[in-house]
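Here's the letter readout for the chains.
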Amino acid sequence: TYSGQAIGILKEQSHRGALMDAYSHQGTFFYMLSQVERSLQHFEETLQLGTEVSTRAELRARANAHYQASLAHILIAQPGSGLRHAHQCLEDFNQIKRSYGQEMAYSMLSLSSYMLCHYDDARQYSDDGLELAERTEAERMLGYLSGFRAMLEIEAGNLDASLEYGERAIQIGQHIRQTET
């Protein structure tokens with residue numbers, strides 16, 4: 001595969017940050033193909049390469065791998081592992097002050113906490129993520145976070161609020177042509 005060839009070249013040239021990104025991209029492709037267990041192997045390889053990062057690019061690549069691993073664990077109903085990776089994702093993105101990455105982390109923190117029935121935590125992460133995404137006008141993350149918040153609101157019995165957040169997620173998805181939300 002092209003990604004396999006790229007990984008071989010990156011290994012030879014010692015581009016650790018780019019190599020970490022390549023492993024994460026492969027992992028993402030695998031979970032998109034419903035091969036989640038296989039994807040997790042790639043994210044773990046990325047994280048092993050990133051145990052000691054020395055550049056912003058490596059820290060960003062590690063943070064992204066934690067985000068992807070969090071999502072993959074959630075997809076296979078392992079929200080506890082998803083939560084652990086989401087916390088690490090947020091810590092890494094906080095270090096490099098990447099607001100979009102922080103929003104990504106808050107979305108996974110909210111979703112994994114929701115799946116663990118930690119609704120108060122999920123609501124706080126949702127509040128934090130929504131506030132940041134609104135401030136930075138990150139529409140895609142606003143869509144995801146609004147969709148997750150709709151789930152939280154329905155769990156709390158707040159049907160009007162759930163409908164409002166759900167409609168917001170749909171509108172954002174249509175606006176940015178994002179069919180996932």
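Rules of the game
Residues numbered from 1 in each chain as written. Predicted model: local features only at pLDDT ≥ 70, side-chain atom pairs only at ≥ 80, totals over all residues. Heavy atoms only, no water. Helix = DSSP H or I, 4+ residues; strand = E, 2+ residues; numbered from the N terminus. Rg over C-alpha atoms; globule rule 2.2 N^0.38 Å. Buried < 20%, exposed > 50% of the residue type's maximum accessible area, 1.4 Å probe, protein only. Contact = heavy atoms within 4.5 Å. Areas by Shrake-Rupley, 256 points an atom, 1.4 Å probe, with all protein chains shown as cover. Axes fitted to C-alpha atoms, helices over the stretch in contact; angles between N-to-C directions. Parallel < 35°, antiparallel > 145°, perpendicular 65-115°, else oblique. Left-handed = near helix turned anticlockwise from the far one by under 90°. Nonpolar A, V, L, I, M, F, W, Y, C, P; charged D, E, K, R; others polar. Phe/Tyr/Trp six-rings, centres within 6.5 Å; stacked < 30°, edge-to-face > 60°. Core = buried A, V, L, I, M, F, W, Y, C linked by side-chain atoms within 4.5 Å. 1 Å grid on protein atoms, 1.4 Å probe; cavity = no way out; pocket = protein on both sides within 12 Å on 5 of 7 lines; lining within 4 Å. Points joined across faces, edges and corners; volume = space filled by probe spheres on them.

**Q** Even after reading the chapter, I still don't get the overall build of the protein chain, so can you show me in this structure?
**A** Counting its regular elements, the protein chain contains 9 helices and 0 strands. In sequence order, the protein chain lays out its α and β elements as α-α-α-α-α-α-α-α-α. Taken over the C-alpha trace, the protein chain has a radius of gyration of 17 Å; the compact-globule value for 181 residues is 16 Å, and the two agree within 12%. Overall size of the protein chain, expressed as C-alpha extent along the three principal axes, is 55 × 30 × 30 Å. Out of the 181 residues belonging to the protein chain, those deemed buried represent 48%. A separation of at least 24 residues holds for 56% of the contacts in the protein chain among residues at least 6 apart in sequence. Carbon and sulfur atoms make up 50% of the accessible area of the protein chain, which amounts to about 9,600 Å² in all.

**Q** Help me understand the packing of helix α7 (residues 119–136) against helix α8 (residues 139–155), please; the structure alone is not making it clear to me.
**A** Relative orientation and spacing of two packed helices are given, respectively, by the angle between their axes and the distance between those axes. Two numbers describe how α7 lies on α8: the axes approach to 10 Å, and their chain directions differ by 150 degrees. Regarding the angle of α7 to α8, the classification is roughly antiparallel. Two packed elements cross with a definite hand, and for α7 against α8 that hand is left-handed. Contact with α7, carried on its side by Tyr 119, Ala 122, Arg 123, Ser 126, Asp 127, Gly 129, Leu 130, Ala 133 and Glu 134, involves Met 141, Leu 142, Leu 145, Ser 146, Arg 149, Leu 152, Glu 153 and Glu 155 of α8 and no other residues of that element. Its residues assigned to classes, the contact of α7 with α8 shows 8 nonpolar, 3 polar and 6 charged.

**Q** Mind showing me how you'd approach the packing of aromatic side chains here?
**A** Each aromatic ring pair is described using two quantities: the centre-to-centre distance and the angle formed by the ring planes. Evaluation of the coordinates by the stated rule reveals 3 aromatic pairs. Ring plane angle 55 degrees and centroid distance 6.1 Å describe the contact between Tyr 31 and Phe 43, whose orientation is recorded as tilted. Here Phe 43 lies in helix α3 (residues 36–49) and Tyr 31 lies in helix α2 (residues 16–32), a separation of 12 residues in the sequence. Both residues of the pair, Tyr 31 and Phe 43, belong to the buried class.

**Q** Quick question: what am I supposed to make of the nonpolar core here?
**A** In globular proteins that are soluble, nonpolar side chains generally tend to be buried together. With 36 residues, the main nonpolar core has Met 108, Leu 109 and Met 141 as its most contacted residues. At the level of elements, α3, α4 (56–75), α5 (79–96), α6 (99–115), α7, α8 and α9 (159–175) are the ones that each hand at least two residues to this core. Ranked by residues supplied to this core, first place goes to α4 with 7 residues. In this structure Leu 109 touches Leu 83, Ala 86, His 87, Leu 90 and Tyr 125, once residues within four positions along its chain are discounted. Counting 5 residues, the second largest nonpolar core, distinct from the first, contains Ile 7, Leu 10, Ala 22 and Tyr 23.

**Q** What exactly am I supposed to notice about the layout of surface pockets here?
**A** In this approach, a probe sized like a water molecule rolls over the atoms, and the result shows the empty space that is left. Taken as a whole, the largest pocket holds about 470 Å³ of empty space. For the largest pocket, the lining is made up of 20 residues, of which Tyr 31, Tyr 67, Leu 71, Arg 140 and Tyr 144 are closest to its centre. Among the secondary structure elements, those contributing two or more residues to the lining of the largest pocket are α2, α4, α6 and α8. When grouped by side-chain class, the residues that make up the lining of the largest pocket number 12 nonpolar, 4 polar and 4 charged.

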